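Residue-level structural notes
Here is what each chain is made of, one letter per residue.
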Amino acid sequence: MPSLGRLHLITDTRPGRDPLAVLRAALPVARTELVVQVRMTDDATDREAYDLACRVVALCARYGATCLVNDRLHVALAVGAAGGHVGAEDLPVAAARRVLGPTAVLGATAREPATAAEAVAAGASYLGVGPCHATSTKSGLPAPIGPAGVSAVATAVDVPVVAIGGVTAADVPALLAAGAYGVAVVGALSGAEDPGRATAELLGALGC
């Protein structure tokens, strides 16, 4: 498995957002510390996901960054991404591991220790844990778990824990203290006036 960067950028493909512009600003700053998760809105077609993922893979390759595809594992395989990420409503982790193969990066979503341990046993390379805080970038999420919830998961598993959900640079120290390996963000970069500067602030908070 490739080494895992500590800053995960999830593409924001909602109307009015430009995920590629954000990525172009973040990549020269974060380079190998950046993991880009290509996530599409539910109404996006596979062709749209494929086209975006192709461009993200190409951009990431220039800087040694890692590209994953959320949910649509067939797209991850088609574009030659490093792996994928599955949520609670997607393929089971064991099935996702069979699809991607033994060496791919496979992330799984978890929010409590028992399901986190099950995901790791089934083949997850890392866990996306949250939501840590309230967020408007994805609807239908459960209540935030905060740093205490991250800590509960981190102490139960031996793979990297990536905190997600309303995370800003100011939140990072508490999440690291709770045992998080890194953080995943959407709005902290896609909504920033200067995504490059925001990337630098997040990396600084992560100690990168």
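The structure contained in this document is the topic of the report that follows. (Residues numbered from 1 in each chain as written. Predicted model: local features only at pLDDT ≥ 70, side-chain atom pairs only at ≥ 80, totals over all residues. Heavy atoms only, no water.)

A count of helices and strands for the protein chain gives nine helices and eight strands. Taken over the C-alpha trace, the protein chain has a radius of gyration of 15 Å; the compact-globule value for 208 residues is 17 Å, and the two agree within 12%. For the protein chain, the spread of C-alpha atoms along the three principal axes comes to 40 × 35 × 30 Å. Taking all 208 residues of the protein chain together, 49% fall into the buried category. The long-range share in the protein chain, meaning contacts at least 24 apart out of those at least 6 apart in sequence, stands at 59%. Roughly 9,100 Å² of accessible area belongs to the protein chain as shown, and the carbon and sulfur atoms make up 54% of that amount. (Helix = DSSP H or I, 4+ residues; strand = E, 2+ residues; numbered from the N terminus. Rg over C-alpha atoms; globule rule 2.2 N^0.38 Å. Buried < 20%, exposed > 50% of the residue type's maximum accessible area, 1.4 Å probe, protein only. Contact = heavy atoms within 4.5 Å. Areas by Shrake-Rupley, 256 points an atom, 1.4 Å probe, with all protein chains shown as cover.)

Right, let's get into the state of the cysteines. Across all of its chains, the model carries zero disulfides by this definition. Between Cys67, a free cysteine, and Cys60, which holds the nearest cysteine sulfur, the sulfur-to-sulfur gap is 5.1 Å. The closest cysteine sulfur to the non-disulfide-bonded Cys132 is located on Cys208, 17 Å from its own sulfur. On the accessibility criterion, Cys132 (2% relative accessible area) is buried. (Disulfide = S-S within 2.5 Å.)

For strand E3 (residues 66-70), a buried count of five out of five residues is recorded, marking the element as mostly surrounded by other parts of the structure. Both faces of E3 are covered, namely the face carrying Thr66, Leu68 and Asn70 and the face carrying Cys67 and Val69. Where strand E2 (residues 34-38) and E3 come together, four bridges link them in parallel fashion. Bridge assignment links Val36 to a residue of E3, and that residue is Cys67. Once you follow E2 into helix H2 (residues 46-63) and on to E3, the crossover reads as right-handed. Relative to strand E4 (residues 83-86), E3 runs parallel, the two being bridged by three bridges. By the bridge assignment for E4, Asn70 is matched with His85. (Pairing = 2+ DSSP bridges. Right-handed = clockwise from strand over helix to strand, strands pointing away.)

On the surface, a cluster of negative charge is contributed by Asp42, Asp43, Glu48 and Asp71. In this structure, Asp71 sits in the loop between E3 and helix H3 (73-79). Judged by its relative accessible area of 34%, Asp71 is partly exposed. (Patch = residues over 30% accessible without salt bridge, like charges linked within 9 Å, V, L, I, M, F, W, Y side chains within 5 Å. Salt bridge = Lys/Arg side-chain N within 4 Å of Asp/Glu carboxyl O. Lys, Arg positive; Asp, Glu negative; His and termini not counted. Charge placed at Lys NZ, Arg CZ, Asp CG, Glu CD.)

With an omega of 0°, the peptide bond between Gly130 and Pro131 qualifies as cis. Within the element layout of this structure, Pro131 appears in the loop between strand E6 (126-129) and helix H6 (146-154). Phi angles above zero are rare outside glycine, and Arg31 is one such case at about 50°. Within the fold, Arg31 resides in the loop between helix H1 (19-30) and E2.

Spatially, E1-E2-E3-E4-E5-E6-E7-E8 is the arrangement adopted by the eight strands of the closed barrel, whose pairing is parallel. If you compare each strand with its neighbour and ignore which way they point, the axes differ by 25° on average. Sheet analysis places E4 next to strand E5 (residues 105-110), joined by four bridges and oriented parallel. Among the inter-strand pairings, Val86 is bridged to a residue of E5, identified as Ala108. Strands strand E1 (7-10) and strand E8 (182-185) of the sheet are contacted by helix H9 (residues 195-206), whose axis makes an angle of about 145° with E1. (Axes fitted to C-alpha atoms, helices over the stretch in contact; angles between N-to-C directions.)

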